[in-house]
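Listed below are the residues making up each chain.
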Amino acid sequence: MKQMIFPLIRQLGKRWHYAVLSLFVAVGLILGSAQTAQSFSFFDLFRQGVQVFQLSNLSDEQEVKLGRQINEQLVNNEITLSRNQQLNRYVDGIGQRLVPHSDRADIPYTFQVVKDDSVNAFATMGGFVYIHTGLMAAADNESELASVVAHEIGHITARHAVQQMKQRAIAQGLLSAAGLDESAAVQIGVELAVSRPNSREDELEADKKGLDTLTKAGYAPLGMISFMEKLQQQGGSPPSFLSTHPAVSDRIEILKAQIDNPRQGNGLNTSIYQRRTQALR
Ligand code: ZN
């Protein structure tokens, strides 16, 4: 229809331009529902076309798209998101305050609260970060919570999940010369999100980037150390976000060596934190 009408507009000249255009709009409105149905099936078809990703050369757009699809699978099958608006807004606010101070502020970030009592947090790719309610309850102040959010942002900015996806795809023989097919990529992304196999190097890198982001955003860096120390002292096996490699004590020592003034900055007030996270208690 557009192909028929646009040459017609050109032929008729400016005088008829608006008349024809309004006719076009009117016809469009009348045909609206039929056309919508048609265009939807067209886009569905388009979407079903198998996309192949070059993991060593993944664009930001592709990474965000994969992160979104992994999120859909996680939310449908693996995790329960908290529906509490106060908690979600709070965590998102902390995340959005940190992002501009990270070294990858040019992609959108999605911070979500997972309804789960275990003290954990994780990140996938393309800006998707997940914080458990159990972790929020274990923190004593905003700086402690923000230190974990900043650490997870560090995993995103260093593209750890993309590298892990590539390694796993190679190990499973799924990586062709063309790359990795979309559904396999999402499947691996979900497996990685559930198993979280961060290496010693990845954890130390996320700590370093996280500390930098946390401090630049104005938070007292003490939160990062005090939270790790507290979880370490609780005994038992450390939560998987404090993976056993490297040992938590090593991570704390490395962090301490990088911090000059642990109390410089904000976010150390416990009563304010308890008010903001009241829904947890
Ligand atoms: Zn980590």
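Here the structure is shown first, and the text comes after it.
Now for a quick tour of the structure. (Residues numbered from 1 in each chain as written. Predicted model: local features only at pLDDT ≥ 70, side-chain atom pairs only at ≥ 80, totals over all residues. Heavy atoms only, no water.)

**Remarks on the nonpolar core**
- Judged by nonpolar contacts, the single largest core of 42 residues is most densely connected at Leu98, Ile131, Met136 and Leu145.
- With seven residues, helix α6 (residues 142-157) is the single largest residue contributor to this core.
- The contact partners of Met136, leaving out residues within four places of it in the chain, are Leu87, Tyr90, Val91, Val113, Ile131, Leu145, Tyr273, Thr277 and Leu280. (Core = buried A, V, L, I, M, F, W, Y, C linked by side-chain atoms within 4.5 Å. Buried < 20%, exposed > 50% of the residue type's maximum accessible area, 1.4 Å probe, protein only. Helix = DSSP H or I, 4+ residues; strand = E, 2+ residues; numbered from the N terminus. Contact = heavy atoms within 4.5 Å.)

**Focus on the packing of helix α4 (residues 85-98) against α6**
- Contact pair α4 / α6: the axes reach a minimum separation of 10 Å and the direction vectors enclose 60°. The orientation of α4 with respect to α6, classified from their angle, is oblique. Crossing of α4 against α6: the hand is right-handed. Of the residues in α6, those in contact with Tyr90, Val91, Ile94, Gly95, Arg97 and Leu98 of α4 are Glu142, Leu145, Ala146, Val149, Ala150 and Ile153.
- Looking at the contact of α4 with α6 residue by residue, the classes come out as nine nonpolar, one polar and two charged. (Axes fitted to C-alpha atoms, helices over the stretch in contact; angles between N-to-C directions. Parallel < 35°, antiparallel > 145°, perpendicular 65-115°, else oblique. Left-handed = near helix turned anticlockwise from the far one by under 90°. Nonpolar A, V, L, I, M, F, W, Y, C, P; charged D, E, K, R; others polar.)

**Regarding the environment of Leu231**
- With respect to the secondary-structure elements, Leu231 resides in helix α10 (residues 222-233).
- You can call Leu231 buried: its relative accessible area is 5%.
- Separated by 93 residues in sequence, Leu231 and Ala138 place their C-alpha atoms 8.4 Å apart.

**Focus on the packing of aromatic side chains**
- This model, assessed by the stated rule, comprises three aromatic pairs.
- On the numbers, 6.2 Å between centres and 50° between planes, the contact of Tyr90 with Tyr273 is tilted. In this pair, Tyr90 is assigned in helix α4 and Tyr273 in helix α12 (residues 270-276), connecting sequence segments 183 residues apart.
- With 4.6 Å between their ring centres and 10° between their planes, Phe122 and Tyr130 make a pair best called stacked. Summarising the burial analysis for this pair, Phe122 and Tyr130 share the class buried.
- Taking NZ or CZ as reference, Arg97 lies 3.8 Å from the ring centre of Tyr219, over its face. (Phe/Tyr/Trp six-rings, centres within 6.5 Å; stacked < 30°, edge-to-face > 60°. Lys NZ or Arg CZ within 6 Å of the ring centre and 35° of its normal.)

**Description of the packing of α10 against helix α11 (residues 248-258)**
- Close contact between α10 and α11 brings their axes to 10 Å; oriented N to C, the two are set at 160°. With respect to α11, the element α10 is oriented roughly antiparallel. Taken as a pair, α10 and α11 cross one another with a handedness that is left-handed. Contacts between α10 and α11 involve Met224, Ile225, Met228, Glu229 and Gln232 from the former and Val248, Ser249, Arg251, Ile252, Leu255 and Lys256 from the latter.
- Of the residues in the contact of α10 with α11, the class split is six nonpolar, two polar and three charged.

**A few points about the sheet that holds strand β3 (residues 121-123)**
- Taken together, three strands build an open sheet; the order of strands is β2-β4-β3 and the sheet is mixed. Across the chains shown, the open sheet's two edge strands, defined by having one partner strand only, are β2 (110-114) and β3. Pairs of neighbouring strands in the sheet enclose a mean axial angle of 15°, with direction left out of account.
- In the sheet, β2 pairs with strand β4 (residues 128-132) via five bridges, with the strands oriented parallel. The residue bridging Val113 from the neighbouring strand is Ile131, located in β4. (Pairing = 2+ DSSP bridges.)

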